[in-house]
Amino acid sequence: MNLLLLPGDGIGPEISAVTRRVLEVLAETYGTPITIEERAIGFASLADSGTTLPTDVLERIPEVDGVILGPVSHFDYPPREAGGVNPSAALRTHFALYANIRPCRSRPDLTILPKPMDLVIVRENTEGFYSDRNMHAGSGEFMPDEDMALSIRKITAKGASRVARAAFALARTRRKKVTAVHKANVLKLSDGLFLREVRKVAAEFPDVELEEVIVDAAAALLIRSPDRFDVIVTTNMFGDILSDEASELSGSLGLGGSINASDEICVAQAQHGSAPDIAGKGIANPTSLILSAAMLLDWLGRKHDRDDLVSAAALLEAAVEDALDNPATRTRDIGGTLGTEAFGEAVCNAVRVRGQR
């Protein structure tokens, strides 16, 4: 299994190095061969290649089995014409990574929630209100004059249908319920189209319950009644906001794994940003990227009928939970004392222990 690691910016290189180390220990312990090659993106490649996303990186992605993408500081990049390409957005659109899958599960002594949370948000990943990636050419955001800015939302039947199908297929393996989150009371045409396609897909899954909830109510219900949700499917921006809310409520934004997937390509990516304010200090929490890497292994295992990869992913996730369950092996952001590398070693030790059982 050959993985491509793209460390990115800010804390990206630190948490990517720890994630690589954990995967190497997992491979040694579990006996599943995993090779990892690394390429520069972001400010590192801008300095060397004149772009934050070199062509050779894009060309390499379809040749490897999976990708691990570190956080990027795209807000600070120069204009596109000066080489400032958002790698996260570019990969999602170039390879049609239409489903952003983000599980959120509360941990008893880390969450503030009154009831347990165990849900997955399946977010449409290539269109919606994200105007920097919803046009074939140019941007969907523009200024007709200096005092007016417009941004276009794009919803397509194809985009809504395929992300809905991913959500229903996932729900069928869980508690068999999908909640479609929308704002069709205001966005009557675009969210009306989204709901139309979700309902069509729902008819193909008669064993899975469908409910429809307005986004305002969904945001509140994640706090009051998180246990009512199983799989949430929604559009790009709503999914981004709700998944960050859910992760923070469940314990910390730094604890949420995430993958971006098409039918053929999967990119693991931490839910959080590049946190340049703590870059280089060795205190970043690498949990999100490690769990994202575990999700990537699981996705690859299911796609290629590799039970060893599915089992290795489960072992890695359990090892992370072992480290998080012990207050002595938590990072500082969640009340512990460990730094980035020390937490990585705690996870490695947990992998070794579980591998001997």
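Quick summary incoming for the structure in this document.

A few words on the overall build of the chain. When helices and strands are tallied, the chain shows 11 helices and 12 strands. Taking 2.2 N^0.38 as the reference for a compact globule, 357 residues should give roughly 21 Å; the C-alpha atoms of the chain span a radius of gyration of 20 Å, in line with that estimate. A principal-axis box enclosing the C-alpha atoms of the chain has dimensions of 55 × 50 × 40 Å. Among the 357 residues that make up the chain, the fraction classed as buried is 56%.

Further remarks concern the pairing of strand β3 (residues 66-69). Every second residue of β3 is oriented toward a common face, with Gly66 and Ile68 on one face and Val67 and Leu69 on the other, all of them buried. Bridge analysis of strand β1 (residues 2-6) against β3 gives 4 bridges, and the strand direction is parallel. When the sheet's bridge partners are listed, Leu3 is paired in β3 with Gly66. Of the pairings in the sheet, the one linking β3 to strand β12 (residues 266-269) comprises 3 bridges and is parallel in character. Bridging from a neighbouring strand, Ile68 pairs with Ala268 of β12.

Let us look at the pattern of salt bridges. Taken as a whole and judged by the stated rule, the model has 30 salt bridges. With its nearest N and O atoms 3.7 Å apart, the salt bridge here joins Arg123 to Asp240. Here the residue Arg123 occupies a position in strand β5 (residues 118-124), and Asp240 occupies one in helix α8 (residues 236-250), the gap between them amounting to 117 residues. By relative accessible area, which is 18% here, Asp240 ends up buried. For Arg228, the salt bridge goes to Glu211, with nearest N and O atoms at 2.7 Å. Taken as a pair, Arg228 in the loop between α7 (215-224) and β10 (231-234) and Glu211 in strand β9 (residues 209-214) lie far apart in primary sequence, 17 residues in all. With relative accessibility at 13%, the residue Glu211 sits in the buried group.

Position of Asp191 relative to the elements: it lies in helix α6 (residues 190-202). Taking relative accessible area as the criterion, Asp191 reaches 0% and is therefore assigned buried. Here Lys183 takes part through its backbone nitrogen, which lies 2.5 Å from a polar atom of the side chain of Asp191.

Here the focus is the nonpolar core. Ranked by size, the top nonpolar core spans 73 residues in total, and within it Leu3, Leu23, Ile68, Leu316 and Val347 carry the most contacts. Of all the elements, helix α9 (residues 287-303) adds the most residues to this core, at 10 residues. Setting aside residues no more than four positions away along its own chain, Leu316 makes contact with Val22, Leu23, Leu26, Ile290, Ala294, Val347 and Val351. By size, the runner-up hydrophobic cluster in this structure holds 18 residues, among which are Leu53, Val67, Val72 and Leu91.

The topology assignment puts Ser274 in the loop between β12 and α9. In this structure Ser274 comes out as buried when scored by relative accessible area, which is 7%. There is a polar contact of 2.6 Å between the side chain of Ser274 and the side chain of Ser73. The contacts of Ser274, once residues within four sequence positions are left out, are Asp9, Gly10, Ile11, Pro71, Val72 and Ser73.

Spatial strand order, β2-β1-β3-β12-β11-β4-β5-β10-β8-β9: 10 strands in an open sheet with mixed pairing. Of all the strands in the sheet, the pair left with one neighbour each is β2 (35-38) and β9. Going across the sheet, the axis of each strand differs from the next one's by a mean of 25°, ignoring polarity. Strands in contact with α9 are β1, β3, β4 (99-105), β11 (259-261) and β12; relative to β12, the strand with the most contacts, it is inclined by about 160°.

Our next topic: the packing of α9 against helix α10 (residues 307-325). Relative to each other, α9 and α10 sit at 160°, their axes nearing to 7 Å. As summarised for this structure, α9 and α10 are arranged roughly antiparallel, according to the angle between their axes. Here α9 and α10 pass one another in a crossing that is left-handed. In this structure, α9 contributes Thr287, Ile290, Leu291, Ala294, Leu297, Asp298, Leu300, Gly301 and Arg302 to the contact, and α10 contributes Leu309, Val310, Ala313, Leu316, Glu317, Val320 and Leu324. Among the residues forming the contact of α9 with α10, the class breakdown is 11 nonpolar, 2 polar and 3 charged.

Here the focus is a nonpolar patch on the surface. A cluster of nonpolar residues, Met135, Phe142, Met148, Leu150 and Ile152, forms a patch on the protein surface that exposes about 380 Å² of accessible area. With respect to the helices and strands, Leu150 occurs in strand β7 (residues 148-151).

Moving on: the pairing of β4. Among the 7 residues of β4, 5 are classified as buried, and the element is accordingly described as predominantly covered. Pairing of β4 with β5, which is carried by 7 bridges, proceeds in the antiparallel orientation. Bridge assignment links Cys104 to a residue of β5, and that residue is Leu119. In this structure, β4 lies alongside β11, joined through 3 bridges in antiparallel fashion. Following the sheet pairing, Ile101 is matched in β11 by Ile259.

What counts as what
Residues numbered from 1 in each chain as written. Predicted model: local features only at pLDDT ≥ 70, side-chain atom pairs only at ≥ 80, totals over all residues. Heavy atoms only, no water. Helix = DSSP H or I, 4+ residues; strand = E, 2+ residues; numbered from the N terminus. Rg over C-alpha atoms; globule rule 2.2 N^0.38 Å. Buried < 20%, exposed > 50% of the residue type's maximum accessible area, 1.4 Å probe, protein only. Pairing = 2+ DSSP bridges. Salt bridge = Lys/Arg side-chain N within 4 Å of Asp/Glu carboxyl O. Polar contact = N/O pair within 3.5 Å; in protein donor to acceptor, adjacent residues only side chain to side chain. Core = buried A, V, L, I, M, F, W, Y, C linked by side-chain atoms within 4.5 Å. Contact = heavy atoms within 4.5 Å. Axes fitted to C-alpha atoms, helices over the stretch in contact; angles between N-to-C directions. Parallel < 35°, antiparallel > 145°, perpendicular 65-115°, else oblique. Left-handed = near helix turned anticlockwise from the far one by under 90°. Nonpolar A, V, L, I, M, F, W, Y, C, P; charged D, E, K, R; others polar. Patch = residues over 30% accessible without salt bridge, like charges linked within 9 Å, V, L, I, M, F, W, Y side chains within 5 Å. Areas by Shrake-Rupley, 256 points an atom, 1.4 Å probe, with all protein chains shown as cover.

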